[in-house]
2 protein chains.
Amino acid sequence: MHKKTIQNDFRHIPYSRFSVDLCKFRTMEKEFILGIDIGGTFTKLGLVDRKGNITAQAKFDTQAKEPFTDFLDRLDKAVHTLRRALDPAQKVIAIGVGAPNANAHTGYLEHPPNLRWGDQVPLADSIKKRFGLPVNIANDANAAALGELEFGMGMGLKNFVVLTLGTGLGSGIISNGELLIGAHGMAGEIGHVNVNSTANARQCNCGLKGCLETYVSVTGIRRTIFELLAEMTNDSNLRSISFENMTGEVISEAALNGDAIAIKAFKLTATTLGIQLADTTAHLDPEAFILLGGLSKAGDFLRKPTVKAMNENLFIAYKDKVKVLLSETPHGHAVLGPAALAWRMNANTF
Amino acid sequence: MHKKTIQNDFRHIPYSRFSVDLCKFRTMEKEFILGIDIGGTFTKLGLVDRKGNITAQAKFDTQAKEPFTDFLDRLDKAVHTLRRALDPAQKVIAIGVGAPNANAHTGYLEHPPNLRWGDQVPLADSIKKRFGLPVNIANDANAAALGELEFGMGMGLKNFVVLTLGTGLGSGIISNGELLIGAHGMAGEIGHVNVNSTANARQCNCGLKGCLETYVSVTGIRRTIFELLAEMTNDSNLRSISFENMTGEVISEAALNGDAIAIKAFKLTATTLGIQLADTTAHLDPEAFILLGGLSKAGDFLRKPTVKAMNENLFIAYKDKVKVLLSETPHGHAVLGPAALAWRMNANTF
């Protein structure tokens, strides 16, 4: 598998309402994609060349409770500033956008849980109108899968699954070298498979109970920690931390320091994840799973017991054939997925 | 969705070691695929035109405990007889084979559980050498999925999953109009996802415990019936039937006659299946599931509670978008899947 180094040496320029980083290396590339990652808290954007180098990037508060048109205005300003990084011979040829619940089929944001812009937001059309460029959108985890395929750990692979383990659990499936889209543009919602059908299964934000993401995500392990704090009597530094402050980093650090509750929480989380990876393998027969996001930063604390549980549950035909990889997440990574999406759709050379 | 009528009016010719049926209608088609379905008990073969009409078919005992070369000899004789149904202007252009554990990537039968021909049987090459025609092989459930796509309930659909509910549970996934193959030719082993990770999960022939097929298959519902016969005290005609004689038909008939144990067994089976269909939907976002095989013959006894359990567990984005269909299984159906496989690979018109 190839890896590539992505330029990440930037000159930082603070603005009043957003920040911009310009790459210190002058690029000779002539064509760029504007990659945009819309999150519940921040929106990140960057100019990305065909090799995945980010020549300039910016970030601003999404302000998800303000109207969508205000968001477009802020985006416009950030894009305007970014474009100054290009000389007249260099141009932006298209825009790729990743966002939660963005539907690649319809071009709409559909019921985005953390963006208060309505149930059906015409995202692709609005951005196209604003900037006069071709626009492709995809849900953030699907975009991340394309980012790994074009510029990351997925280079050289044709069948793999990306899992983003953050506040929730997103997923994107690459099958035979292409993003698996599904009949309605909604394939790859592995965060919402049922892993507990008993009466005391955890409630999920989606309305169901026992969804994978209620156990395997930063929020999920936090819930597990609180169950264990109630169940076990061990001393633990985690007992002094509130639910809201119980971040993935705090839990990882406790585990590294030998905290029995944190270690058990990782083991439970990894076991649930590993069994699911075996089940997902029985659907898709992938070469690898690539884990991204806050929880994946725990490294081998998560990965090793996950691999163990997966292997114990793998159907014989897949034994020793499936890797579990932790993504390297270079600076600016969030825009590489959306950029990869648009490059695939728009590059003549592809 | 289109449906088509498949000619199924045959003139039966009994031979000593195999039987042949010739279609009473003279076809004008010039090109045929020889479709072969190798099962643990019977091997079926048929000459299938581009529209899925079977112009002649035959069947013989697989005799899976005899050497593979003996099998090839018997196959040779049956093919020889079948070909007599064609006039000199009509020809067989290719061969498609469906068999348990046939790997489309490698051309081998790999660890077939019910065929004692070795761990790695060079199926595609052996048949190619014997008949001098292009040969494509696929596992039986994958072939069945292609059969539904080309000639069955899947006509007009691009994303669906076929589940064969027989002795085991096989599956084939159609994604974006193509068979989903996976990295090693082994995608679609949904029968081996884990649906019970507790200590008393059922043992599966594959070596794992708690596999879907130990609950959802003819064998699975039979096991459920025996658990319920032990657990419940209701009178039941099923109490006079041995484990070996407890066929899908016997259980279906008991349920139709109001047998409480049979009805409960269908409900438990359907609930397990329905929850799994919701989980599989969260991977693949299909338009439909198509159920085949012995257990599917129970009709709405199986289908209705399956749909209910699926809908209760579907992620919101898929609500009301996924159908559960029962395949119609015309005479000679088993050869249509393998024939569809070879037609897709060999027809210029496709």
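Fair warning: this is a prediction, and the values are worked out from it, not measured in the lab.

Digging into helix H1 (residues 68-83) of chain A
- The end-to-end C-alpha distance of H1(A) is 22 Å, a good match for the 22 Å that 16 residues give at a rise of 1.5 Å each.
- Of all the residues in H1(A), the buried ones are A:Phe68, A:Phe71, A:Leu72, A:Arg74, A:Leu75, A:Ala78, A:Val79, A:Thr81 and A:Leu82.

A few points about the environment of B:Leu292
- You can see B:Leu292 is positioned in strand S13 (residues 288-292).
- Spatially, the C-alpha atoms of B:Leu292 and B:Gly170 are 9.5 Å apart, while their sequence positions differ by 122 residues.

Quick look at the relation of the copies chain A and chain B
- With an RMSD of 0.0 Å, chain A superimposes on chain B once it is rotated by 180° and translated 0.0 Å along the axis. Such a combination of rotation and displacement between the chain copies is what one expects of a two-fold axis.
- The overlap is high: 100% of the interface residues of chain A also sit at the interface in chain B, so the same surface is used on both sides.

A few points about the interface of chain A and chain B
- Taken residue by residue, the interface counts 37 residues in chain A and 37 residues in chain B.
- Summed over both partners, the interface of chain A with chain B buries about 3,100 Å², with 62% contributed by carbon and sulfur atoms.
- If you sort the residues of chain A by the area they bury against chain B, A:His184, A:His283 and A:Phe315 come out on top, with a joint share of 23%.
- The interface formed by chain A and chain B includes zero salt bridges.
- The set of elements that each furnish at least two residues to the side of chain A that touches chain B consists of strand S11 (169-175), helix H6 (260-284) and helix H7 (300-313) of chain A.
- In terms of residue count, the dominant contributor to the side of chain A that touches chain B is H6(A) (seven residues).
- Per-class residue counts for the side of chain A that touches chain B are 18 nonpolar, 13 polar and six charged.

Re the domain arrangement of chain A
Residues and elements named next belong to chain A.
- Here chain A is described as being made up of domain 1 (10-150 + 338-346) and domain 2 (157-326).
- Between domain 1 and domain 2, the C-alpha centre-to-centre distance is 28 Å.
- Contacts between the two partners involve 11 residues from domain 1 and, on the opposite side, 22 residues from domain 2.
- A buried area of about 1,200 Å², summed over both sides, lies between domain 1 and domain 2, and 62% of it is on carbon and sulfur atoms.

Rules used throughout
- Residues numbered from 1 in each chain as written.
- Chains lettered and ligands numbered in written order.
- Predicted model: local features only at pLDDT ≥ 70, side-chain atom pairs only at ≥ 80, totals over all residues.
- Heavy atoms only, no water.
- Helix = DSSP H or I, 4+ residues; strand = E, 2+ residues; numbered from the N terminus.
- Expected span 1.5 Å × (residues − 1).
- Buried < 20%, exposed > 50% of the residue type's maximum accessible area, 1.4 Å probe, protein only.
- Least-squares fit on C-alpha atoms with pLDDT ≥ 70 in both.
- Contact = heavy atoms within 4.5 Å.
- Buried area = accessible area lost by both parts, 1.4 Å probe.
- Salt bridge = Lys/Arg side-chain N within 4 Å of Asp/Glu carboxyl O.
- Nonpolar A, V, L, I, M, F, W, Y, C, P; charged D, E, K, R; others polar.
- Domains from an automatic or database assignment.

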